[in-house]
Amino acid sequence: MPDEQQLLDLIATSNQGVLAAVTRGGYPHLTNVLYVWDSAEKMARVSTTAARVKGRILQHDPHAALHVAGPHFWSYAVAECDADTSDIATTPGDEACQELLAMTKAIRGEVDEAAAFKRMVDERRLVLRLRVKRAYGVLLDEPPSL
C-alpha cells in the first residue's frame, strides 16, 4: 500500500488529471483538467472560467477529488480536496490574472503577458485551488497478470 507521500509524488509528476465534483442533484461531474502542483501547499491549481460547471459546483460545494493516472491503468492517485476559488479576472494584471499567469507559464513557458491578461479578462477566468486533505490510490511497477 503506498504512503501518502508516494501518491503526492505521482500527482507532482503530472499536470493532467480528472477533476470530480458533485452536482446539486447528487451526480458526479467529471472533467479533464490541466493543473499546476504546489508541493509546499499540497495544492493543485486549475484555471477555469466563471461560467463553467466545475467552478460553479465548487463554489457551492467545495468538496472535490483529483484523479491522476500513473504509467499504466492499474497505477493512479486520487487526492480528496477542499476547493476554494480566486476572484474572477476583471482587470489586466489584477491578482487573479497574476496567479493565472504564473500557472500558464508553468504549463506553457513564456507567453505574451498583455495578450494573456486580455484573454483572462475576456473569458472571465479564475483559479480553482484544490487543497489535498487525503490521498489514496494504487502504485504498481507493472500491471498485474490477469
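Values in this document were obtained by computation on a predicted structure and should not be read as measured data. Residue positions are counted from 1 within each chain, in the order its sequence is given. Since the coordinates come from a predicted model, pLDDT governs what is reported: local features require at least 70, and pairs of side-chain atoms require 80 or more to be given and counted, while whole-chain, interface and lining totals use all residues. The side-chain quantities take in all heavy atoms of the structure and omit both hydrogens and water.

## A look at a nonpolar patch on the surface
Residues forming no salt bridge and having over 30% relative accessible area are the ones grouped into patches, like charges within 9 Å of each other and nonpolar side chains (Val, Leu, Ile, Met, Phe, Trp, Tyr) within 5 Å. Values of accessible area rely on a 1.4 Å probe in the Shrake-Rupley scheme; residue burial ignores everything except the protein chains shown. A pairing counts as a salt bridge when a side-chain nitrogen of Lys or Arg comes within 4 Å of a carboxyl oxygen of Asp or Glu. Taken together, the side chains of F73, W74, L140 and L146 define a hydrophobic patch exposed on the protein surface, amounting to about 530 Å² of accessible area. Going along the chain from the N terminus, every DSSP run of H or I of four or more residues is numbered as a helix, and every run of E of two or more is numbered as a strand. Take F73: it is sitting in the loop between β5 (63–69) and β6 (76–85).

## Quick look at the confidence of the model for the chain
pLDDT is a residue-level measure of predictor confidence that goes from 0 to 100. Of the residues in the chain, 100% have a pLDDT of 70 or more, and the chain-wide mean is 95. When pLDDT is averaged over each element of the chain, strand β3 (residues 36–38) comes out on top at 98 and helix α2 (residues 53–60) at the bottom at 91.

## Thoughts on unusual backbone geometry
With a phi close to 50°, K42 is a non-glycine residue in the positive phi region. Structurally, the position occupied by K42 is in the loop between β3 and β4 (43–49). Note on exposure labels: buried denotes an accessible area under 20% of the residue type's maximum, exposed denotes more than 50%, and partly exposed covers the range between, all computed with a 1.4 Å probe on protein chains only. Here K42 falls in the partly exposed class, since its relative accessible area comes to 28%. Here the phi dihedral of R124 falls at roughly 55°; this positive angle occurs in a residue that is not glycine. As for its placement among the helices and strands, R124 is situated in the loop between α4 (113–122) and β7 (125–138). Take R124: its relative accessible area is 46%, and that puts it in the partly exposed class.

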